[in-house]
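Next come the chains, spelled out residue by residue.
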Amino acid sequence: MIKVKIPNSTDRGHLRTVQSQMKVLGDPKVRVFYSNKNKTWYAIEGSHRLTSAKKLGMKPKFIDITKQKSVQGTQYSPVTEGEKVSMKKLVDYIENGGSYGPVIQFDEYVMEQR
């Protein structure tokens, strides 16, 4: 079992669209990191995909980026979307009050290391 905190709450209209797409595309892939400070897994993207996966009974593939030196920023990071951000800066931002949404629990999932 894994509990993952998603970046934001979801919009119902967009959620329906994503669910329709996922029925065709299959299980989602989402980048996550583990916070030792908060003892929590955080997704840095994919709120709608993970919410849809839970609702549709899918098995998400999490890509663990915890040990990477940097990643491309998303709209939920302390830099402009697409700009590189160090993992230290991203983790510090999120652990110290970066806004985040609810937690979703999955009994079945795949974890891939990067």
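Residues numbered from 1 in each chain as written. Predicted model: local features only at pLDDT ≥ 70, side-chain atom pairs only at ≥ 80, totals over all residues. Heavy atoms only, no water.

### Remarks on unusual backbone geometry
Then, in step 1: Positive phi, close to 50°, is recorded for K39, a residue that is not glycine.
Then, in step 2: Assignment of secondary structure puts K39 in the loop between strand 2 (29–35) and strand 3 (40–43). (Helix = DSSP H or I, 4+ residues; strand = E, 2+ residues; numbered from the N terminus.)

### A look at the packing of helix 1 (residues 12–25) against helix 2 (residues 47–56)
Then, in step 1: Between helix 1 and helix 2, the shortest axis-to-axis distance is 9 Å and the interhelical angle comes to 65°. One element, helix 1, and the other, helix 2, form an angle in the roughly perpendicular class. Crossing angle aside, the handedness with which helix 1 passes helix 2 is right-handed. Residue-level contacts link H14, L15, V18, Q19, M22 and K23 of helix 1 to H48, R49, T51, S52, A53, K55 and L56 of helix 2. (Axes fitted to C-alpha atoms, helices over the stretch in contact; angles between N-to-C directions. Parallel < 35°, antiparallel > 145°, perpendicular 65-115°, else oblique. Left-handed = near helix turned anticlockwise from the far one by under 90°. Contact = heavy atoms within 4.5 Å.)

### A closer look at the environment of T10
Then, in step 1: In this fold, T10 is placed in the loop between strand 1 (2–5) and helix 1.
Then, in step 2: Separated by 39 residues in the primary sequence, T10 and R49 place their C-alpha atoms 9.7 Å from one another.
Then, in step 3: Apart from residues lying up to four places away in sequence, T10 is in contact with L15, S47, H48 and T51.

### Quick notes on the pattern of salt bridges
Then, in step 1: Using the criterion set out here, one finds 3 salt bridges in the structure.
Then, in step 2: With a shortest N-O distance of 3.1 Å, R31 and E45 are connected by a salt bridge. Residue R31 is located in strand 2, and its partner E45 is located in the loop between strand 3 and helix 2; the two are separated by 14 residues in the primary sequence.
Then, in step 3: Take R31: its relative accessible area is 16%, and that puts it in the buried class.
Then, in step 4: Residue classification places E45 among the buried residues on the basis of a relative accessible area of 17%.
Then, in step 5: K88 is the partner of D92 in a salt bridge, and the nearest nitrogen-oxygen pair spans 2.9 Å. (Salt bridge = Lys/Arg side-chain N within 4 Å of Asp/Glu carboxyl O. Buried < 20%, exposed > 50% of the residue type's maximum accessible area, 1.4 Å probe, protein only.)

### Here's the deal with the nonpolar core
Then, in step 1: In this structure, I2, V4, V32, A43, L50, F62 and F106 are the most contacted members of the largest nonpolar core, which totals 15 residues.
Then, in step 2: Looking at this core, the elements that each hand over two or more residues are strand 1, helix 1, strand 2, strand 3, helix 2 and strand 7 (103–106).
Then, in step 3: Look past the residues within four positions of F106 in its chain and what remains in contact with it is M1, I2, L50, A53, K54, M58, P60 and F62.
Then, in step 4: Judged by nonpolar contacts, the second largest core, of 13 residues, contains V71, V79, V85 and I94. (Core = buried A, V, L, I, M, F, W, Y, C linked by side-chain atoms within 4.5 Å.)

### Topic: the pairing of strand 4 (residues 61–64)
Then, in step 1: Two strands pair when backbone bridges link them, and strand 2 and strand 4 are joined in this way by 4 bridges, in the parallel orientation. Looking at the pairing, R31 lines up with I63 of strand 4.
Then, in step 2: As defined by bridge partners, strand 4 adjoins strand 8 (residues 110–113) across 4 bridges and the pair is classed as parallel. Of the residues in strand 8, the one forming a bridge with K61 is V110. (Pairing = 2+ DSSP bridges.)

Spatial relationships are all this shows, so hold off on functional conclusions.
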